Every structure is written in C-alpha cells, then in structure tokens.
Amino acid sequence: MKIKAQVAMVMNLDKCIGCHTCSVTCKNVWTNRPGAEYMWWNNVETRPGPGYPQEWEDQNHYNGGWELRDGKLHLKAGGPAVKLATIFANPNMPTIDDYYEPWTYDYETLINSPRREHQPVARPRSAMTGDWIDSPTWGPNWDDDLAGGRAIAPRDPNVRDLQEHIAFEYERTFMMYLPRICEHCLNPSCVASCPVGAIYKRDDDGIVLVDQETCRGWRFCISGCPYKKMYFNWNTHKAEKCTFCYPRIEAGLPTVCSETCVGRIRYLGVVLYDADRVLEAASVANPQDLYQAQLEVFLNPHDPRVALAAKEEGINDAWIEAARNSPIYKLALDWRVALPLHPEYRTLPMVWYVPSLSPIMNHLAHEEQMSGQAYLAAVDQMRIPMEYLASLLTAGDVSLIRNVLVRLVAMRMHMRQRAVGDVDDTTLLRESGMTARDLEDMARLLGVAKYDERFVIPTARCEDIPDPEYLQGACGLEGIAPPEGIWPQSRINREREREIDRSRSDG
Amino acid sequence: MLGADGHILGDENTAWRPSTVDVPDEAPRGKLDLMIDLDFRMTSTGLYADVVLPSATWYEKYDLSTTDMHPYVHPFNPAISPPWEARTDWATFRSLAQAVARLAQDHLPARDDLVMIPLQHDTPDELGQPLGKVRDWRAGEAEPVPGKTMPRLAVIHRDYPNLDQMYMALGPLARQSIVCKGIQISGERAYDEFASQVEACRAPGVAQGMPSLERDESAVQAILTFSGATNGRRAVEEWEALERRTGLSLSAIGRGHEAEAQTLQSITAQPQLAMATPVWSGLEAPGRRYAPFTLNLEHQVPWRTLTGRQHLYQDHELLLDFGEGLPLYRPPLTLPPFASGDTHVPPNEARSVTVRYLTPHQKWGIHTTYTDTPQMLTLFRGGQTIWISEEDASAMGIHDNDWVEVYNRNGVIAARAVVTYRIPEGVAMMYHAQDRVIGVPGTEITKDRGGTHNSVTRVIPKPTHMVGGYGHLSYGFNYYGPSGHQRDTITWIRPLKEVKWLED
C-alpha cells in the first residue's frame with residue numbers, strides 16, 4: 001500500500017444554473033492573455049450538445065484516454081512508436097475550429113468615430129488574423145440553452161446511441177448544464193502521453209501540472225487527454241491546463257471557480273487513496289466496473305490502520321483530519337451520490353458529479369394526494385433520460401444513476417415530511433437504502449452547507465521546506481538575496497565576525 | 001430628440017386620439033439642445049450624447065446598495081481612485097451645480113415655479129375620488145379643488161444662483177420631518193446627530209453653518225443616520241410613530257438597538273445586520289427575515305389599502321368599466337404588425353413569418369451592463385440575436401446564425417437568428433437590452449443601422465393604471481402609477497439578404 005492524498009472536487013449538477021461565473025472568473029485569473037484567448041480551463045456546456053471543444057467525447061475521433069488491449073492498459077492513441085511516427089502530424093489533434101476562432105471588437109471606433117451618416121458600431125474581428133468577420137460562426141458556448149437546436153444538439157456524442165430515448169422537439173425538450181475543469185486524474189493519460197515528461201501529478205495534493213521549462217510543445221498531451229482539458233498556447237508554444245488554482249489550494253483556499261460559484265454547487269476536500277492499486281483499478285475488464293474499482297482505490301480515513309499508514313507516508317495529522325471531514329468522501333463514498341465523468345476513459349478522474357434531477361415529463365394528476373410510492377415512480381419519468389446521465393457518468397449503467405436519483409428524491413421527500421408532514425417517506429427511505437440521519441446530513445451538505453463545510457482544504461504541508469528562515473527573509477527576492485541568508489542568523493554571524501576581527505586587530 | 005431617425009414605419013394618425021387634448025397632426029420633431037451622458041460605458045446613449053462625462057465605476061467610489069429583501073446595507077469603497085478625468089457621480093453633480101450656480105448669478109435668477117403633484121399614496125389625497133367616482137371638474141362635474149378633485153398645486157422656489165451651496169449642505173427641511181410610507185418622524189435628532197459627525201459649511205451664504213455634504217462619504221453617512229435600518233434610534237422613532245398612528249403596541253420591535261448607529265466605516269469593516277424598521281422590509285423584526293406582508297400578518301398593522309385589509313375587489317368605476325373589478329386573465333393584445341396608412345415595406349423574395357415577440361431578461365448582462373464585454377460576447381454568439389423556432393426558421397428558409405430583419409410599424413431590428421426547438425412555433429424571443437453598439441449591421445428596409453430589442457415594441461399605458469386618488473389606487477413614486485407596458489407585440493421576421501456595415 002502506498003497512500004497518497006488528493007484534493008478532489010464534486011459538482012452538484014442539480015444546482016448549476018448555467019451562469020458561467022466560474023468560466024468568467026477562471027478566465028480573468030488564468031487565461032486572459034495572448035496565446036490563451038481560446039482557452040477556457042473552466043467551461044460550462046449545455047447538454048445535450050457537442051461541448052467544447054466540439055464532440056470532445058468522441059474518442060473514435062480524438063483517441064484520447066486509455067484502452068484495454070490484451071488485458072493491458074494502453075494509451076488509446078498508441079505508444080512511443082506511434083508517437084514518433086506521427087510527431088509532426090498527429091492525426092488526433094483538435095484544430096482551432098474544434099474550439100473556436102477567438103474574436104474581439106473594434107471598440108475604439110465607438111470613442112473615435114468621426115461624425116458620420118450612420119451610428120458607429122464595434123465590428124467583430126478575428127483575434128487570430130485581425131480580419132473583419134461579419135458574424136462569428138462558433139464559440140465556446142455557442143449552443144447555450146439549446147441554441148442551434150436540431151442542427152447542433154444531436155452532435156452530442158452521448159446521444160448517438162440513445163436515439164430511442166431522445167427526441168429533439170419542443171414537447172420533449174430536456175437540458176442540463178455540465179461545468180468542466182481538468183479532472184486531475186489518478187491515472188492521467190496526459191502525463192503518460194508526454195514524450196519529454198513535462199507533466200506531473202503532485203505528490204502532496206494530486207494536482208496535475210505542466211512544467212513550463214520542460215515542455216517542448218509536442219502536444220501529445222492535448223490529444224491524449226480524453227476530456228480535452230490540455231491546451232496549447234500559440235504564443236509560448238507550451239501546453240497549459242487548469243492548475244486547480246494550486247496557489248490558493250496551498251493556502252487552504254478553494255479554487256476560483258468554486259469560490260465564485262453562484263449556485264454553490266462545488267465541493268472540495270481531501271481523499272486518501274492507494275497509489276499501488278491505481279493501475280489495477282484502471283485495468284478492470286468491464287468499463288461499467290471502473291466506478292466500483294475506483295471507489296476501492298480510495299481509503300477510509302476513519303480506519304486507524306489507514307491513518308497510521310498515511311502518517312508513515314508523511315501525510316500529517318491535519319490532512320488526515322481533513323480527509324475525515326471531507327465533503328468529497330461523504331458525497332462519493334458515504335452516500336454514493338457523486339459519480340465520475342466518463343469512467344470508461346480509464347483515467348480515474350477526480351472531479352465528480354452529482355447528477356441532476358429534472359421535472360417529470362407527464363402531468364401529475366392529483367399531485368396533492370401523491371404518495372411516497374408515486375414519487376418513486378416519478379424518478380423514472382424525469383425529463384433528462386437516465387440513459388443520457390448514464391452515458392456521462394457511469395459508462396452506461398442506468399441502475400447506478402437510478403440509485404442516485406432515488407436518493408436525491410428521498411432526501412427531498414424526507415425533508416418535506418419533516419418540515420410539512422404531508423408525505424409518507426417510508427417507501428423512499430427504504431428504496432434509498434439510507435438512514436433518515438444520513439439524508440438529513442446530505443440535505444444540509446447539498447442545501448445549506450456553509451463555506452467551511454463545502455471547502456475542507458488543509459494548507460500545504462510545509463514541514464519539509466529546507467530553509468524557512470531564508471525564504472522568509474528573501475520574501476520573493478531570492479534572486480538578489482544573498483544565499484547565505486539575511487536575518488537574523490546571518491547578520492548576527494557577520495557582526496560577531498566583525499567583533500572578532502576588531503578584537504584581533506586591537507590585540 | 002436625438003437628431004437621428006427612429007425609423008417608425010407606422011402612421012401616427014391612425015391611432016385613437018383623445019378628444020379633450022389638443023394633438024397636432026404631426027408630432028413635433030427636433031433635437032435636444034444639449035444631451036449629457038454620465039456613464040462609465042460607451043452605450044448607445046453615449047454615442048448620441050453631445051457630451052459624455054467620464055464616470056467612476058463601482059470600484060472607484062463610495063456608495064450604498066441594498067434591497068428590501070435582505071437585511072444588509074452594503075457599502076461601496078474605492079479600490080482605486082477614479083482614473084484619468086473620471087469623477088464619482090456625487091462629484092460630477094457637485095461640479096455641475098457649481099457651474100450652473102456661477103452662470104446663474106448673471107443669467108438665471110431665483111424664481112418660483114408652479115408645479116402639479118399627483119394625488120399621493122399615504123396622504124389625505126387618497127380621499128380625492130370618494131366611492132371611486134371620477135368627477136371631472138373640466139366638465140363641470142365638480143369644483144376644481146387642488147388635492148381633491150384635481151392634482152395638488154405647489155409653488156417651488158428654484159434658487160439657481162445658490163444651487164451649489166444647497167447641493168453641498170443638508171438643508172433645514174430635513175430637520176423638520178422625515179416621511180416614508182406615511183410614517184412621519186421628526187428630523188431634529190437625526191439632523192443634529194449628523195451635524196455632529198461632519199463639518200459645517202463655512203462659506204457665507206444660504207448654507208452657512210449647516211452640515212456639509214460636500215464629500216460623497218458625508219452623503220453616505222447622512223443616509224445611514226437618517227434611516228431606521230441603519231440607525232437604531234430612528235428605528236424606534238419610526239415604530240413609535242406607527243404606534244401612534246395605529247394604536248397598536250409596536251415600539252418593542254425596535255427596542256434594544258437604540259445605541260446602534262452604523263457608519264460607513266462600521267459597515268465597511270464587516271457586514272452588519274440592519275435593524276427592523278416599519279418602512280423597510282429587509283428585516284421584519286429581530287431574527288425575522290423578509291416575508292411579504294409580515295407587518296400586517298404578524299403585527300396586525302392595517303394594509304395600506306382602501307379597506308385596511310387584503311383588498312381583492314376594486315370598485316373604482318374605471319376598473320369596473322374595464323371589467324377588472326376582480327383579478328382576471330387578459331389575453332395578449334393582438335395589435336397587428338402593420339396598419340393601413342403605414343409606410344409600405346416592399347417585399348423581398350424571401351418569405352416572412354409572423355411571431356409573438358417576447359423580450360425576457362438575458363443572462364449575459366444586467367440590462368446593457370456587461371453585454372458588450374468580449375468575454376460575455378464570446379460566451380454566446382457575439383452580437384444581437386433573436387431566438388426563433390425551427391418551424392419558423394424553415395418557413396423562412398433560414399438556418400441557425402443567419403441574419404434576419406425583425407420589423408413592424410414601430411421599427412426595424414437587424415439580428416442573427418438562434419434557431420432552436422426550445423421555443424414553440426409562432427414565438428420569437430429577443431433577450432432584453434443587448435444594445436446596438438456591437439456588430440449591428442444595416443437593415444434592408446431602413447437602409448440604416450438596425451435597432452435594439454425595443455425598436456419593434458411600443459409603450460402602451462394601461463388605462464386602469466391612470467386611476468388615482470382612491471385609497472391604495474393613488475400615485476406613489478416607483479410604487480404605483482402608469483407604467484410603461486410594451487410587451488404585447490406581434491412582429492414580422494424575414495431573412496436579411498445582405499450584411500451592410502454602413503461605415504459612411
């Protein structure tokens with residue numbers, strides 16, 4: 001057993017309102033600069049829809065992630081030999097049009113226009129070529145709220161095999177939002193794809209980062225990531241990605257997307273896992289077993305043997321305590337309502353999702369007399385087809401989705417029973433397999449949990465920093481601060497040396 | 001008014017015209033002598049203004065913000081000083097007052113104006129039309145009595161040469177009384193409290209010795225001192241006033257906080273729970289958050305209606321004439337897109353569709369604010385759009401993202417179509433206030449730049465909103481009165497064949 005700790009995220013899709021505040025604040029902080037115009041480390045997709053970049057889930061096209069060949073895990077795009085052969089023409093590489101051609105506006109004309117016959121207007125122009133464009137033709141959120149309708153939504157790779165469950169018509173419209181960041185996977189295919197080893201998963205917190213010094217811009221990480229969350233900066237010719245806001249995480253603060261989320265849908269917390277079991281879990285034969293396999297990689301922080309082993313690996317008490325209070329552990333393991341996005345990519349992603357409830361399709365007669373039993377049936381009539389959610393979150397296993405939806409409905413009915421007392425929640429309680437106490441705790445965490453309950457993040461472990469006094473004295477000026485240190489020891493030493501010199505010369 | 005063509009295609013004279021008001025056949029046209037815009041964004045208002053004054057943003061000034069549905073009053077504090085020549089609103093209006101006062105010394109002496117004031121809510125004016133009968137003094141049905149059978153008349157002293165001094169001082173009227181929602185308290189104590197917190201005006205003149213409002217921080221402090229939500233003493237005074245008026249025991253709600261006086265500094269240091277006051281619902285009582293009608297339901301304060309109860313039946317004769325004595329469903333108006341006499345729009349070879357036109361609020365901006373930033377524009381389609389159904393799109397022979405003209409007798413819009421199965425056939429939806437500064441081309445119909453979402457709508461006042469002087473059906477600023485109803489619109493849409501940017 002090799003215990004590691006990771007700061008993971010859960011997003012509760014039931015509360016996402018599709019406002020894109022996460023995207024905007026992420027962009028303002030991280031990707032608002034030349035070379036990064038088209039990058040949205042955090043984006044929000046309307047589903048059904050092709051997403052950003054378009055049809056990123058179509059691994060027959062992009063060949064991202066891993067696959068099992070002869071019982072062994074291989075990069076789907078092929079190993080070093082294939083990479084060498086395609087190093088100057090990678091057939092799996094998304095093009096700028098798969099993202100979008102970034103554009104800006106001639107705002108100056110609104111201020112500087114001379115007197116003219118017609119009112120001035122800021123025309124769009126390409127941020128790549130500078131050419132005028134009459135109308136942009138694609139963007140990172142072009143199909144917001146089903147914009148484009150039947151011409152666009154059916155290009156969602158998830159719906160191709162679900163035709164009998166999906167209709168693109170007014171009466172049967174369904175819609176949900178899917179906010180996405182880098183998954184900071186346990187078994188990242190970007191790391192494995194890099195020919196020069198520039199990408200690494202941090203030991204302390206599991207955050208996946210690109211070493212900008214080492215990156216040579218070969219871009220195999222971009223095609224290798226099945227979530228298409230690795231980006232190429234045309235200005236620096238290096239790969240870039242979501243950093244999980246590591247400077248904030250190190251200080252015990254949530255990522256910017258989590259901090260600014262209006263619906264408070266995001267949760268952050270520590271998960272302990274056994275690094276020795278990652279390969280085995282990623283290699284299970286049936287893709288529908290990957291979820292369970294990943295759950296088994298996680299370790300129970302309440303188990304004293306786990307805590308002891310974690311300590312031996314250098315994980316300090318604060319991190320173990322945080323793992324015990326982790327909202328991620330509760331949602332993913334205790335209550336099993338959070339699920340990994342596309343487990344079939346075999347990367348063991350670490351940003352999980354609570355699937356969304358949705359209004360039921362049919363009119364409910366006599367709703368005021370509905371029994372708990374009827375609400376159970378309602379789970380099967382929700383607008384978002386369970387098959388669709390299963391395609392996103394369980395490699396197609398509908399029963400897992402149904403279990404979660406039953407738990408979410410049971411939670412609502414139980415809380416209604418407590419507050420209003422007009423429904424009988426016994427059937428739902430039994431079906432959910434959860435205790436009333438668990439449902440109440442879950443209602444609190446999903447409903448009204450405060451900042452420090454949603455974000456349980458220990459600060460970075462700094463026990464092993466070799467020379468904290470020097471760092472404090474240099475205070476970011478290491479380049480010009482004398483390497484022997486500044487204060488207090490070095491100055492005391494110098495003064496003492498001078499005294500000795502003086503006494504010598506006096507002598 | 002702007003010196004620009006509004007491109008109204010309708011014939012103004014086909015509409016119903018009142019018999020008692022002189023309406024010229026041709027509405028007067030012209031341009032304002034001077035239009036000044038105070039805005040930190042170059043909106044279309046700025047584009048048409050003669051002067052645009054640079055304005056500080058929210059992050060460059062002191063101000064207050066709140067609503068009546070949560071119990072906090074939020075301060076604005078400058079993160080940076082206003083850049084370049086930008087000034088805060090307070091400083092801008094102060095400068096304008098100074099400039100006007102200086103010129104007024106020679107050109108605009110003080111004068112008295114006679115003004116009309118509508119019959120006001122929460123005043124005896126509510127008795128102006130007893131039994132809900134309209135008695136028209138012009139028709140000899142009643143004696144013209146200001147404040148009873150006609151609007152109130154008031155003489156307003158406009159002291160232009162002293163405008164700046166009066167702007168920068170809290171004047172004596174504030175010391176007399178503070179009135180809100182019919183609750184009146186003396187301003188004496190608040191005034192003196194405030195006077196002890198700020199400097200007095202020193203310059204000789206009308207404001208000498210009065211507490212100074214020269215700085216924006218002082219204006220903020222004046223509001224905090226005069227409001228029961230942020231000053232515990234005011235809150236008690238307001239509860240006591242309501243107690244006197246209703247005979248109910250209410251002042252206990254406000255007690256215990258008399259010593260609390262929030263300041264700009266104290267609410268800047270950290271958010272502070274406001275105090276319960278009967279004139280603001282953000283906090284209904286200690287520990288009681290906003291809920292509708294709490295004051296009436298939990299403290300038995302009569303509703304501010306004709307009967308003092310929840311009032312459903314309206315027996316005013318105008319409402320009865322319109323059949324609206326009780327709440328009822330009114331189908332949307334079906335005003336035709338065009339009428340005879342309107343400007344003829346020559347057909348092009350494409351088919352047009354007729355749609356019911358909706359303008360809901362958008363998620364890419366708050367009105368026009370933020371809609372023109374590159375990020376928000378990138379997060380959708382980068383310019384003005386209108387959502388239409390797939391059925392209507394196919395009837396017109398257009399595809400998603402094609403350009404269309406949206407037009408009726410009120411005006412013409414150029415926008416790109418967002419085609420979707422999310423909305424039903426026969427309905428089009430143009431999100432509110434996308435403005436027309438970003439990527440709007442010309443229209444084929446007007447040969448001029450296309451308009452905004454409101455170019456095809458028209459304000460239609462609802463006649464029953466004109467009722468006044470009858471209990472709760474009396475005018476209250478920003479609460480009750482005729483409102484700009486402009487949503488029942490039917491319009492035509494057709495493909496825009498050619499995109500012309502009209503850069504001449």
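Remember, it's a predicted structure, so these values are computed and weren't measured experimentally. (Residues numbered from 1 in each chain as written. Chains lettered and ligands numbered in written order. Predicted model: local features only at pLDDT ≥ 70, side-chain atom pairs only at ≥ 80, totals over all residues.)

Structural notes on the overall build of chain B
As a reminder of what qualifies: Every helix listed is a DSSP run of H or I at least four residues long, and every strand listed is a run of E at least two residues long, numbered separately from the N terminus. Residue pairs qualify as contacts under a 7 Å threshold applied to their C-beta atoms, which are placed from the backbone.
Counting its regular elements, chain B contains 12 helices and 16 strands. The contacts in chain B between residues at least 6 apart in sequence include a share of 67% that link residues at least 24 apart.

Some remarks on the overall build of chain A
This is how it is decided: Exposed residues have 12 or fewer other C-beta atoms within 10 Å of their own C-beta, buried residues have 20 or more, and partly exposed residues fall in between, where C-beta atoms are placed from the backbone.
Along chain A, the regular secondary structure elements total 22 helices and 14 strands. Burial analysis of chain A (507 residues in total) assigns 45% to the buried set. By sequence separation, contacts in chain A at least 24 residues apart represent 69% of the contacts at least 6 residues apart.

Some details on helix α6 (residues 216-226) of chain B
Residues and elements named next belong to chain B. Of all 11 residues in α6, 8 are buried, a share of seventy percent or more. Turning to α6, its buried residues are Asp216, Ser218, Ala219, Val220, Gln221, Leu224, Thr225 and Phe226. Here the buried face of α6 lies against β3 (63-65), α2 (89-107), β7 (177-180), α5 (188-197), α7 (232-246) and α8 (264-269).

Considerations on the interface of chain B and chain A
Convention followed: Note on residue classes: Ala, Val, Leu, Ile, Met, Phe, Trp, Tyr, Cys and Pro are nonpolar, Asp, Glu, Lys and Arg are charged, and everything else, Gly too, is polar.
Between chain B and chain A, the residue contacts involve 33 residues of the former and 39 residues of the latter. If you list the elements that add at least two residues to the side of chain B that touches chain A, you get α11 (374-378) and β14 (411-420) of chain B. Residue contributions to the side of chain B that touches chain A peak at 4 residues, all from β14(B). A breakdown of the residues in the side of chain B that touches chain A according to their chemical character gives 15 nonpolar, 8 polar and 10 charged.

Side note on the packing of helix α17 (residues 398-419) of chain A against helix α19 (residues 436-448) of chain A
Residues and elements named next belong to chain A. Basically, it comes down to this: All axes are obtained by fitting lines to C-alpha atoms, using only the stretch in contact for helices, and the reported angles, taken between N-to-C directions, cover 0 to 180 degrees. Roughly parallel refers to an angle under 35 degrees, roughly antiparallel to one over 145, roughly perpendicular to one between 65 and 115, and oblique to any angle outside these ranges.
Packing of α17 against α19 brings their axes to within 9 Å, and their N-to-C directions diverge by 95°. By the angle between their directions, the pair α17 and α19 is classed as roughly perpendicular. Here Ala410, Met411, His414 and Met415 of α17 come into contact with α19, specifically with Ala436, Leu439, Met442 and Ala443.

Here's the deal with the packing of helix α16 (residues 386-393) of chain A against α17(A)
All names here are of chain A. α17 packs onto α16 with a crossing angle of 105° between their chain directions and a minimal axis gap of 8 Å. Relative to α17, α16 is oriented roughly perpendicular. Facing α16, whose interface residues are Met386, Glu387, Leu389, Ala390 and Leu393, α17 presents Val398, Ile401 and Arg402. In the contact of α16 with α17, the residues fall into 6 nonpolar, no polar and 2 charged.

A few points about the sheet that holds strand β1 (residues 3-12) of chain A
Through backbone hydrogen bonds, the strands of a sheet pair up, either in parallel or in antiparallel fashion. Residues and elements named next belong to chain A. Filter applied, for reference: DSSP-based pairing: two strands are paired if at least 2 bridges between them are found.
Taken in spatial order, the 4 strands of this open sheet run β12-β1-β14-β13, and their pairing is mixed. One side of each edge strand has no neighbouring strand; the edge strands of this open sheet are β12 (266-274) and β13 (339-340). Summarising the sheet, β13 and strand β14 (residues 351-354) pair through 2 bridges and their orientation is antiparallel. Note on β14: the bridge partner recorded for leucine 339 is tyrosine 353. Strands β1, β12 and β14 of the sheet are contacted by helix α14 (residues 327-334), whose axis makes an angle of about 70° with β12.

Section: the domain arrangement of chain B
Selection criterion: Delimitation of the domains relies on an automatic or database domain assignment.
Partitioning chain B into domains gives domain 1 (1-33 + 312-504) and domain 2 (90-110 + 159-277). Relative to domain 2 of chain B, the C-alpha centre of domain 1 of chain B lies at a distance of 41 Å.

Some details on the nonpolar core
Across soluble globular proteins, nonpolar side chains have a tendency to be buried as a group. All names here are of chain A. So the rule is basically this: Connectivity within a nonpolar core runs through C-beta atoms within 7 Å, and the core itself is a set of buried Ala, Val, Leu, Ile, Met, Phe, Trp, Tyr and Cys residues.
Counting 123 residues, the largest nonpolar core has Val10, Cys221, Val271, Leu272, Ala323, Leu331 and Ala338 as its most contacted members. The leading source of residues in this core is α17, at 9 residues. Here alanine 323 is in contact with Ala5, Val270, Val271, Leu272, Pro301 and Tyr329, once residues within four sequence places are set aside.

So, α16(A)
All names here are of chain A. For α16, the tally of buried residues reaches 7 of 8 residues, placing the bulk of the element in the interior. Among the residues of α16, those classed as buried are Met386, Tyr388, Leu389, Ala390, Ser391, Leu392 and Leu393. The elements touched by buried residues of α16 are β13, β14 and α17. Among the residues trailing α16, alanine 395 stands out with phi positive, at a value near 50°.

Regarding the pairing of strand β2 (residues 43-47) of chain A
Residue and element names in this part refer to chain A. For β2, the buried fraction is high: 5 of the 5 residues fall into the buried class. Neither face of β2 is open: one carries Asn43, Glu45 and Arg47, the other Val44 and Thr46, and all of them are buried. Looking at chain direction, β2 and strand β7 (residues 176-180) are connected through 5 bridges and run antiparallel. Within β7, the residue paired with asparagine 43 across the bridge is arginine 180.

A word on the sheet that holds β14(B)
Residues and elements named next belong to chain B. Pairing within the closed barrel is mixed, and its 6 strands lie in the order β11-β15-β12-β14-β13-β16. On average, each strand axis in the sheet is tilted by 45° relative to the strand beside it, whichever way the strands run. Pairing of strand β13 (residues 403-408) with β14 involves 6 bridges; the strand directions are antiparallel. Residue pairing for β14: tryptophan 403 is matched across the bridge by arginine 416.

Focus on the pairing of β13(B)
Burial within β13(B) is extensive, with 6 of its 6 residues counted as buried. The two faces of β13(B) match: Trp403(B), Glu405(B) and Tyr407(B) on one face and Val404(B), Val406(B) and Asn408(B) on the other face are all buried.

Concerning the confidence of the model for chain B
Residue and element names in this part refer to chain B. How we decide: Predictor confidence is given residue by residue as pLDDT, running from a minimum of 0 to a maximum of 100.
Taken over all residues, the pLDDT of chain B has a mean of 94, while the share at 70 or more is 100%. Here strand β9 (residues 283-285) is the element of chain B with the lowest mean pLDDT, 90, and strand β12 (residues 385-389) is the one with the highest, 98. Model confidence for the complex is summarised by a pTM of 0.92, with the ipTM given as 0.91.

Things to note about the environment of Lys450(A)
Residues and elements named next belong to chain A. Examined against the element boundaries, lysine 450 turns out to sit in the loop between α19 and α20 (451-454). On the neighbour-count criterion, lysine 450 (9 C-beta atoms within 10 Å) is exposed. Placed 23 residues apart in sequence, lysine 450 and threonine 427 show a C-alpha to C-alpha distance of 31 Å.

Brief notes about the environment of Leu250(B)
Residues and elements named next belong to chain B. Along the polypeptide, leucine 250 turns up in the loop between α7 and α8. Look at leucine 250 and you get buried, because 22 C-beta atoms sit within 10 Å. Sequence spacing of leucine 250 and valine 301 is 51 residues, and the spatial spacing of their C-alpha atoms is 9.1 Å.

What to know about the environment of Tyr273(A)
Residues and elements named next belong to chain A. With respect to the element layout, tyrosine 273 can be found in strand β12. Sequence spacing of tyrosine 273 and histidine 165 is 108 residues, and the spatial spacing of their C-alpha atoms is 37 Å. Those residues in contact with tyrosine 273 that lie beyond four places of it in its chain are Lys4, Gln6, Leu186, Val297, Phe298 and Leu299.

What about unusual backbone geometry?
Residue and element names in this part refer to chain A. At the junction of arginine 47 and proline 48, the peptide bond is cis and its omega measures out at 5° in the coordinates. The topology assignment puts proline 48 in the loop between β2 and α2 (59-62). The omega angle of the peptide bond from tyrosine 52 to proline 53 is -10°, so this bond is cis rather than trans. Relative to the elements of secondary structure, proline 53 occurs in the loop between β2 and α2. Of note in this structure, glutamate 55 is not a glycine but carries a positive phi near 55°. Looking at the element boundaries, glutamate 55 is found in the loop between β2 and α2. For glutamate 55, a count of 20 C-beta atoms within 10 Å gives the class buried.

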